[in-house]
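Here is how the chains run, residue by residue.
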Amino acid sequence: MNRLLIFFFYMAVFFSAMAKHIVIDDTLRCSEIYPATVHPFQITVPDEYIDAEPAALYLGLDGVLCNAPAVIDSLMRCGIMPCTIGVFLQPGVARNDSGKVVRYNRSNEFDACDARLAQFLTTELLPLVEGRRLDDGRCIHLSNKPSERMIFGLSSGGIAAFVAAWHRPDIFGKVFSGCGTFVPMRGGNDLEAIVRKHEPKPLRVFLQDGYSDTWNPTFGSWYEHNLLLASALRFAGYDCAFDWAEGGHSVRRASEIFRDVLKWMWRPDTIPSPTGNELMGELLLDGEMWQPERFCQQLQPEKYAVYPDSSFRVYASDRSNWLMQELLSSDGHPYAAQRFYWLHSYDNDPLQPSGMAFDSRGNLWVATKAGIQICDQNGRVRGIVGLPLGMKGDITIIISSGLVTIVDSSGNSYKRRFNVEAPVPGVRPQSQGVG
């Protein structure tokens, strides 16, 4: 009897010590990014939250998974996680006048690799949370530090979490993807290639999947594609970790390791490894970022980029991923045009390349919506440099000694130092071989 009383005493102490939180249920309607689509969401605000101090953010896709609110509360009590506000989003649906669902938008929102979901989260969902006043008078304020913002998702939500952070690493610095669908549904299979070529982003990434995860063989093996992305992250030097275990397409394993993953996410900062991409390793300079610059001259991107020795020129012929290369005779006459330079895009989105410029090594720099893509002499993208937020329209690229300047059609200008040199007119760059 005494043992039973002791047991109930300690259970009472345990539950009384558990952090409590306010739960708010709400719905986002009238999205401009996903028209006519309704998104239910939930907010959890810890009792310990003081609105004078911005809280960390945990954003969960597909609602509450892995018992996230309770696990976060527990880690807050232990001092492992800071005071954290949870936001749990359901994918959107569209209904007709009679209330019947006429569009399930989950795959369109979550499996896509473009920036729409990131834009939806940052411009429509989070502004509904930020500044909201609770019944007790407290006002929700979220930390603006990416290192204090985590996003999690499972399956299609897993790739969605990664893609949202990929496009907005200034908003989400921590990513946990469970059984992510990095497969040929809507371009997810292209991400591992882009990660290898893109300059590293300040993200901490955890991937989880099971050996038997092939939810739908039509799209391939979930597990194999997770391994490819994991390999790319390691190659590119990311702060990353992985969990591969027995099991298939299920939340079970993610739930088992969820507490440990959060502890790993909120461990003290570490220094990422250098990228294994040889081109990017040579070009990038430590600590260098795009800096705004006053540029008075209005520029129009050149229609053609001419190779330094004038032996050929490059131009965009249509809205495809290809650029045309045509040879130039000694008198400048073009001939023998063919598709030659192939570029990356998200979701096969038309690239509409604008500015182009060659550097002294004969590499072609091309401004696209997917970033500045750097192609070798044989027409293959070897590196991708991200563009500053807010660059719009056609972009002109100017390469000078150790410096690249970009100017958009609105006159916005940025500069950044690279290990690069401008070409010398009339001098042919050293050959990179037949490839």
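Residues numbered from 1 in each chain as written. Predicted model: local features only at pLDDT ≥ 70, side-chain atom pairs only at ≥ 80, totals over all residues. Heavy atoms only, no water.

**Observations concerning the packing of aromatic side chains**
Link 1 in the chain: This model, assessed by the stated rule, comprises 20 aromatic pairs.
Link 2 in the chain: Seen from their ring centres, F162 and F182 are 5.9 Å apart, and the 85° between their planes marks the pair as edge-to-face. Separated by 20 residues along the polypeptide, F162 in helix α5 (residues 156-167) and F182 in the loop between β8 (174-178) and α6 (191-197) bring together distant segments of the chain. In this structure, F162 and F182 share a single accessibility class: buried.
Link 3 in the chain: Consider the rings of Y307 and F312, whose centres lie 4.4 Å apart with planes at 25°: the pair is stacked.
Link 4 in the chain: Judged by its relative accessible area of 3%, Y307 falls in the buried class.
Link 5 in the chain: Pairwise contacts between aromatic rings join Y58, F88, F152, F176, F206, F258 and W264 into one cluster.
Link 6 in the chain: Across from the ring centre of W166, 4.2 Å away, lies the NZ or CZ of K201, which sits over that ring. (Phe/Tyr/Trp six-rings, centres within 6.5 Å; stacked < 30°, edge-to-face > 60°. Helix = DSSP H or I, 4+ residues; strand = E, 2+ residues; numbered from the N terminus. Buried < 20%, exposed > 50% of the residue type's maximum accessible area, 1.4 Å probe, protein only. Lys NZ or Arg CZ within 6 Å of the ring centre and 35° of its normal.)

**Some details on the environment of G131**
Link 1 in the chain: Tracing the backbone shows G131 in the loop between α4 (116-129) and β7 (149-154).
Link 2 in the chain: On the basis of relative accessibility, which here comes to 37%, the residue G131 falls in the partly exposed class.
Link 3 in the chain: Discounting residues that sit within four places of it in the chain, G131 has contacts with C139 and I140. (Contact = heavy atoms within 4.5 Å.)

**Focus on empty space enclosed by the protein**
Link 1 in the chain: Under the definition given, this model contains 3 cavities of 30 Å³ or more.
Link 2 in the chain: Computed from the structure, the largest cavity encloses a volume of approximately 50 Å³.
Link 3 in the chain: Surrounding the largest cavity, H21, T44, P46, P69, I72, D73, T84, I85, G86 and F88 form its lining.
Link 4 in the chain: Contributions of two or more residues to the lining of the largest cavity are made by β2 (39-46), α2 (68-77) and β4 (84-89).
Link 5 in the chain: Element by element, the count of residues in the lining of the largest cavity is highest for β4, at 4 residues.
Link 6 in the chain: Of the residues assigned to the lining of the largest cavity, the class counts are 5 nonpolar, 4 polar and 1 charged. (1 Å grid on protein atoms, 1.4 Å probe; cavity = no way out; pocket = protein on both sides within 12 Å on 5 of 7 lines; lining within 4 Å. Points joined across faces, edges and corners; volume = space filled by probe spheres on them. Nonpolar A, V, L, I, M, F, W, Y, C, P; charged D, E, K, R; others polar.)

**Some points on the sheet that holds strand β11 (residues 291-292)**
Link 1 in the chain: Here 4 strands make up an open sheet; going across it, the order is β11-β22-β21-β20 and the pairing antiparallel. The open sheet terminates on both sides in strands that have one partner only, identified here as β11 and β20 (395-400).
Link 2 in the chain: Taken together, the 2 bridges between β11 and strand β22 (residues 413-417) define a ladder with antiparallel strand orientation. Paired with Q291 across the two strands is K415, which belongs to β22. (Pairing = 2+ DSSP bridges.)

**Some details on unusual backbone geometry**
Link 1 in the chain: At C30, a position not held by glycine, the phi torsion is positive, near 60°.
Link 2 in the chain: Considering the arrangement of structural elements, one finds C30 in the loop between β1 (21-28) and β2.

**Some details on the pattern of salt bridges**
Link 1 in the chain: For the structure shown, the criterion picks out 17 salt bridges.
Link 2 in the chain: Between R196 and E192 there is a salt bridge, with its nearest N and O atoms 3.6 Å apart. Within this pair, R196 and its partner E192 are both found in helix α6, separated by 4 residues, close to a single helical turn.
Link 3 in the chain: Using a relative accessible area of 22% as the deciding quantity, one classes E192 as partly exposed.
Link 4 in the chain: R204 is paired through a salt bridge with D239; the nearest N and O atoms lie 2.6 Å apart. Highlighted residues: R204 in strand β9 (residues 204-210) and D239 in strand β10 (residues 239-245), separated in sequence by 35 residues.
Link 5 in the chain: R204 gets classed as buried once you look at its relative accessible area, which sits at 6%.
Link 6 in the chain: Connected through salt bridges with shared partners, the residues D243, R252, R253 and E256 form a single ionic network. (Salt bridge = Lys/Arg side-chain N within 4 Å of Asp/Glu carboxyl O.)

**Examining the sheet that holds β2**
Link 1 in the chain: Ordered by their spatial adjacency, 8 strands build an open sheet running β1-β2-β4-β3-β7-β8-β9-β10, and the pairing between neighbours is mixed. Each having just a single partner strand, β1 and β10 make up the two edges of the open sheet. Each neighbouring strand pair of the sheet contributes to a mean axis angle of 15°, computed without reference to strand direction.
Link 2 in the chain: By the bridge criterion, 6 bridges tie strand β3 (residues 56-61) to β4 in an arrangement that is parallel. Following the sheet pairing, L59 is matched in β4 by V87.
Link 3 in the chain: Where α5 meets the sheet, it contacts β3, β7, β8 and β9, and its direction lies at approximately 150° from that of β7.
Link 4 in the chain: Set on the sheet, helix α7 (residues 222-236) makes contact with β9 and β10; between it and β9 the angle comes to about 155°. (Axes fitted to C-alpha atoms, helices over the stretch in contact; angles between N-to-C directions.)

**Some points on the pairing of strand β13 (residues 312-315)**
Link 1 in the chain: On β13, burial covers both faces: F312 and V314 on one face and R313 and Y315 on the other are all buried.
Link 2 in the chain: Across 2 bridges, the pairing between strand β12 (residues 305-306) and β13 is antiparallel. From the neighbouring strand, V306 faces β13, where its bridge partner is R313.
Link 3 in the chain: Linking β12 back to β13 in an antiparallel pair, the connection comprises 5 residues, with S310 at a positive phi of about 65°.
Link 4 in the chain: The pairing of β13 with strand β14 (residues 322-328) spans 4 bridges and is antiparallel. Of the residues in β14, the one forming a bridge with F312 is L327.
Link 5 in the chain: The hairpin turn running from β13 into β14, its antiparallel successor, is 6 residues long.

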